[in-house]
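Residues per chain, in single letters:
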Amino acid sequence: MLEVIILTVQIALLATAINLPVSLIIANYQDKLPSKFKFILDVFISLPLALPPVVTGYFLLVIFSPNGILGDLFFEIFGFDIVFTWFAAALASALVSFPLMVRPMMLSFSNIDSNLINAARSLGANKFQSFYKIKLNLALPGIWAGIILGFTRSLGEFGATIMVAGNIPGKTQTLPLAIYTSVQIGDDSQVYLLVGLSIGLALMSLSVYNLILYRYKNSNKDI
Amino acid sequence: MHSFKIKITKKIKPFLLNVFIESNANVLGLYGVSGSGKTTILNCISGFDEPDDGKIEIDNHIVFDHANNINTSIEKRRLGYVSQFSTLFPNMSVAKNISFGFDHTPKNERIYSPNEIISFFGISHLTDRTIYKLSGGERQLVALARAIVSSPKGLLLDEPLSSVDSKSKIGLIHKLKSVNRELNIPIVYVSHSASEIMALSDQVSIVSNGTVINSGNPSIIFNHDDLNSIEFENFFECEVIDSSNLRLARQNVLIANQDFDGQSHIMISINSSDIILSNHHPIGISAQNIFMGHVIDYIVSGNNVLVLSDVGEKIWSKITVDSFRRLKLSKSTEVYLIIKSSNINFQN
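For every chain, the first residue of its written sequence is number 1, and the numbers climb from 1 along that sequence. Going through the entries in the order they are written, you letter the chains from A and number the ligands from 1. Residues qualify for local features only when their pLDDT is at least 70, as the model is predicted, and side-chain atom pairs are given and counted only at 80 or more; totals for whole chains, interfaces and linings, by contrast, use all residues. Remark: hydrogens and water are excluded; side-chain values derive from all non-hydrogen atoms of the structure.

Trainee: Would you mind showing me how to read the overall build of chain A here?
Mentor: A run of H or I in DSSP becomes a helix once it reaches four residues, and a run of E becomes a strand once it reaches two; helices and strands are each numbered from the N terminus. When helices and strands are tallied, chain A shows 11 helices and 0 strands. The N-to-C order of helical and strand elements in chain A reads α-α-α-α-α-α-α-α-α-α-α. If one aligns the C-alpha atoms of chain A with their principal axes, the spans along those axes are about 65 × 40 × 30 Å. Partly exposed residues are those whose accessible area sits between 20% and 50% of the maximum for their type, while under 20% is buried and over 50% is exposed, using a 1.4 Å probe and protein chains only. Here chain A holds 223 residues, and 43% of them are scored as buried.

Trainee: Would you mind showing me how to read the domain arrangement of chain B here?
Mentor: Many descriptions give the size of an interface as the accessible area lost when the pieces come together. All names here are of chain B. Where each domain begins and ends is defined by an automated method or by a domain database. Each assigned domain of chain B is listed with its residue range as follows: domain 1 (4–224) and domain 2 (233–346). Domain 1 and domain 2 are separated by 30 Å when their C-alpha centres are compared. Residues count as neighbours in contact if any of their non-hydrogen atoms are within 4.5 Å of one another. At the junction of the two partners, domain 1 supplies 13 residues and domain 2 supplies 13 residues. Interface of domain 1 and domain 2: buried area, both sides summed, is about 1200 Å²; carbon and sulfur atoms make up 69% of it. Buried area: the accessible area, evaluated with a 1.4 Å probe, that two parts lose upon being put together, summed over both parts. Counting the surface domain 1 buries against domain 2, the share from its top three residues, Ile170, His174 and Phe222, is 50%. Between Lys or Arg on one side and Asp or Glu on the other, a salt bridge is scored when a side-chain nitrogen of the former is within 4 Å of a carboxyl oxygen of the latter. Linking domain 1 to domain 2 there are 1 salt bridge.

Trainee: Even after reading the chapter, I still don't get the sheet that holds strand 21 (residues 344–346) of chain B, so can you show me in this structure?
Mentor: Hydrogen bonds between backbone atoms are what pair the strands of a sheet, whose relative direction is either parallel or antiparallel. Residues and elements named next belong to chain B. One open sheet accounts for 5 strands, arranged 14-13-12-15-21; its pairing is antiparallel. Sheet topology places strand 14 (251–254) and strand 21 at the edges, where each strand pairs with a single neighbour. Each neighbouring strand pair of the sheet contributes to a mean axis angle of 45°, computed without reference to strand direction. A pair of strands counts as paired when DSSP detects no fewer than two bridges linking them. Note: strand 12 (residues 233–242) against strand 15 (residues 265–271), 7 bridges, orientation antiparallel. Paired with Phe236 across the strands is Ile268, a residue of strand 15. Here an angle of 0 to 180 degrees is reported between the N-to-C directions of two axes, which are lines fitted to C-alpha atoms, with helices fitted over the stretch in contact.

Trainee: Is there a simple way to explain the layout of surface pockets in this structure?
Mentor: Taking a probe equal in size to a water molecule and rolling it over the atoms shows the remaining empty space. Grid spacing is 1 Å over the protein atoms alone, the probe is 1.4 Å, and a cavity is where that probe fits but cannot get out, while a pocket is an open set with protein on both sides within 12 Å along at least five of seven lines and lining residues have an atom within 4 Å of a point. Grid points are joined across faces, edges and corners, and a volume is the space filled by probe spheres set on the points. Considered as a void within the structure, the second largest pocket measures approximately 600 Å³ in volume. Examining the composition of the lining of the second largest pocket, we find that 5 residues originate from one element, helix 7 (residues 127–138) of chain A, more than from any other.

Trainee: Explain the side chain of B:Glu159 here, please?
Mentor: Residue and element names in this part refer to chain B. Structurally, Glu159 can be placed in the loop between strand 8 (154–158) and helix 6 (166–183). Any N or O atom pair separated by 3.5 Å or less is treated as a polar contact, with the protein-specific requirement of one donor-capable and one acceptor-capable atom, and with residues adjacent in sequence counted only for side-chain atom pairs. Engagement of the side chain of Glu159 in a polar contact is seen with the side chain of His192, the distance being 2.7 Å. Residues in contact with Glu159, not counting those within four places in the same chain, are Lys38, Gln84, Val190, Ser191 and His192.

Trainee: For this particular structure, what's the right way to read the environment of A:Gly166?
Mentor: Residues and elements named next belong to chain A. When you line up the elements, Gly166 lands in the loop between helix 9 (159–164) and helix 10 (175–185). Taking relative accessible area as the criterion, Gly166 reaches 9% and is therefore assigned buried. Considering only alpha carbons, one finds Gly166 and Phe74, 92 residues apart in sequence, at a separation of 19 Å. Contact partners of Gly166, with chain neighbours within four places excluded, come to Phe84, Thr161, Thr172 and Leu177.

Trainee: Which parts of the structure should I look at to understand the pairing of strand 10 (residues 203–208) of chain B?
Mentor: In summary, the side chains of a regular strand alternate between the two faces of the sheet. All names here are of chain B. Taking burial as the measure, the 6 residues of strand 10 include 5 buried ones, the bulk of the element. Bridge count for strand 3 (residues 27–31) against strand 10 is 4 bridges, and the pairing is parallel. In the strand pairing of strand 10, Leu30 is matched with Ser205. Pairing of strand 10 with strand 11 (residues 211–216) involves 5 bridges; the strand directions are antiparallel. The residue bridging Val207 from the neighbouring strand is Val212, located in strand 11. Two successive antiparallel strands, strand 10 and strand 11, enclose a turn made up of 2 residues, where Asn209 displays a positive phi of approximately 45°.

Trainee: Just to check I follow, could you spell out the packing of aromatic side chains for this structure?
Mentor: Aromatic ring pairs are described here by two measures, namely the spacing of the ring centres and the angle between the planes. Aromatic contacts are taken between Phe, Tyr and Trp rings whose centres are within 6.5 Å, Trp giving its six-membered ring; a plane angle under 30 degrees counts as stacked, one over 60 as edge-to-face, and the others as tilted. Under the definition given, this model contains 13 aromatic pairs over all chains. Ring-pair connections join several aromatic residues into one group, and the members of that group are A:Phe74, A:Phe78, A:Phe80 and A:Phe87. Taking NZ or CZ as reference, B:Arg110 lies 4.1 Å from the ring centre of B:Phe102, over its face. Throughout this description, the term charge over a ring refers to an Arg CZ or Lys NZ atom that lies within 6 Å of the ring centre and within 35 degrees of the ring normal. Above the plane of the ring of B:Phe120 lies B:Lys175, whose end atom (NZ or CZ) is 5.6 Å from the centre.

Trainee: Where do I start with unusual backbone geometry in this structure?
Mentor: Negative phi values dominate among residues other than glycine, just as trans dominates among peptide bonds. The peptide bond linking B:Lys13 to B:Pro14 adopts the cis configuration, its omega dihedral lying at 5°. Even without being a glycine, B:Asn60 presents a positive backbone phi close to 60°.

Trainee: What is the right way to look at the side chain of B:Ser269 in this model?
Mentor: Residues and elements named next belong to chain B. Among the secondary structure elements, Ser269 is positioned in strand 15. A polar contact is formed between the side chain of Ser269 and the side chain of Glu233, at a distance of 2.9 Å. Apart from residues no more than four positions distant in its own chain, Ser269 is found in contact with Ile170, Glu233, Asn234, Phe235, Asn343, Ile344 and Asn345.

Trainee: I keep staring at the pattern of salt bridges and nothing clicks. Help me out?
Mentor: Here the idea is simple: oppositely charged side chains can pair when their charged atoms come close. In the structure shown here, the tally under the stated rule is 11 salt bridges over all chains. Where A:Asp42 meets A:Arg103, a salt bridge forms, and the shortest distance between an N and an O atom there is 3.9 Å. Taken together, the residues span a long stretch of sequence, with A:Asp42 in helix 2 (residues 35–50) and A:Arg103 in helix 5 (residues 86–110) at a distance of 61 residues. Across the pair A:Glu157 and A:Arg153 runs a salt bridge whose closest N-O atoms are separated by 3.3 Å. By relative accessible area, A:Arg153 is classed as partly exposed at 26%. Shared partners join several salt bridges into a network, and the residues in it are B:Arg181, B:Glu182 and B:Glu237.

Trainee: Is there a simple way to explain the interface of chain B and chain A in this structure?
Mentor: Each partner contributes to the interface: chain B provides 24 residues, whereas chain A provides 20 residues. The contact between chain B and chain A buries some 2000 Å² in all, and 63% of this surface belongs to carbon and sulfur atoms. When residues of chain B are sorted by the area they lose upon contact with chain A, B:Glu75, B:Asn91 and B:His104 head the list and together hold 31% of the total. If you look at where chain B meets chain A, you find 1 salt bridge. The shortest N-O distance in the salt bridge between A:Arg121 and B:Glu75 comes to 2.5 Å. Secondary-structure elements contributing two or more residues to the side of chain B that touches chain A are helix 2 (74–77), strand 7 (79–83), helix 3 (94–103) and helix 5 (136–149) of chain B. Each residue belonging to the side of chain B that touches chain A can be placed in one class, and the counts come to 10 nonpolar, 9 polar and 5 charged. When residues are sorted by character, Ala, Val, Leu, Ile, Met, Phe, Trp, Tyr, Cys and Pro go into the nonpolar class, Asp, Glu, Lys and Arg into the charged class, and all the rest, Gly among them, into the polar class.

Trainee: Looking at this structure, how should I read the sheet that holds strand 10 of chain B?
Mentor: All names here are of chain B. Here we have 6 strands laid out as an open sheet, ordered 7-8-9-3-10-11, and mixed in their pairing. Taken across any chain shown, the strands that pair with only one partner, and hence form the sheet edges, are strand 7 and strand 11. For this sheet, the mean angle separating the axes of adjacent strands, direction not counted, is 15°. Examined bridge by bridge, strand 7 and strand 8 share 5 bridges and lie parallel to one another. Paired with Leu79 across the strands is Gly154, a residue of strand 8.

Rendered as structure tokens:
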């Protein structure tokens, strides 16, 4: 049981860590893109939301299988196959949760008045300083929202994970997959326990998110 | 005396911005209606926008020269910027906003400390506040203080008074005049308000559809504008004698009792329409301020005439053409200006 929880959290954390820098880069540079490219980018970013997760998982399986484009490359660099590993489960979770993570960040960054950045630069701050002292700081609520939403979505990822990582106990079996297995074998007490744990993890993540936002709002009032 | 050499060509919708301004003013005014291109000029000077061609030089400090491939980055131009919209950082207190510029100024180029400037602007009571707890006037005062703490080589002010109430406006004009006089920083002041340009700038360039159509003494604005619609406000800095007496040039100004809280000088404003002109000394009237002077200029537009009189200070009065003819006014005519105490406005 503990093994399933640890693996689930570990996969969700890695998925979040993979998505975070990509999301920040897209959110920060979205306004610099020509509107045509931005439109195309928006469509591709949202694609995992519209696609059934098993389709997303199938694509990953094709790409990362030993004969796939990236699978072959991965084997040459790291010396092992990525499919049916917990790393593949993290990749699947990252892809499926990506829209939920990047969208709040994009919204948050696009709401920042560019005059504030210009003002910071006119006061002597260079591009990087004005980014991390002003832009990143003002976008924090959106960044936290993206991180928590993405992390929570990763905790519950099922379809893509089972396609690319399988359902191997102790290796790739996450909470949703363990629930699925328990239902299949008719172990009701195990199902109740796992469902309870799953709800508990989701509630905990969302409570942390609300707590961070609450503290952020209050700290702004108090400064 | 400062020097501005601004030559900018830039395609902007719906016209081509093509300006050339050369001035030795301390405060250069850019006057024009909304959409005339004046803010784009300021953005090109600050580095927020890049001209297609041209050269920008303030006090022999070249910040842009297309021919020689010079385009100094915004932070290295060291030009303080204050706009009509609040650009204070919402994630910082007033004190942190003000020290932001100081922290990012190279140590060997720091001229003013945050405390000096906070004291200069009289805003020490605001420093612990979040910017959400500031009025419009206070926000602009803090933005101005923040810009100056970064020891700028020039100040770029884009309609900084357009969204503040009239009492705060008088106070801010007072502070801007002090900045110009005591800190000796060249200022480019953008506005569509004739009163503000007249109160602050030594020289003005009138911008229309992307070109400078006239440059010179700020009074040229009145040849450009429709005087029937213009609401002109005279701004003066007066010496405080006591709670009901001020000194304006050689004139004593009687006012309703005020507590000036130990200030030696204050700013007042008088609307040009609130001044009555007479060609002889009036007697038996309730108004207490009667200033003798002479007409030095007048501008006729439609049904109105703006009369510029010298009473030790130059004051614009707005009267009808009919009154102007009836009083037989002309240049050098002796004139009496009558102002009710209640028509004299003060800063907060």
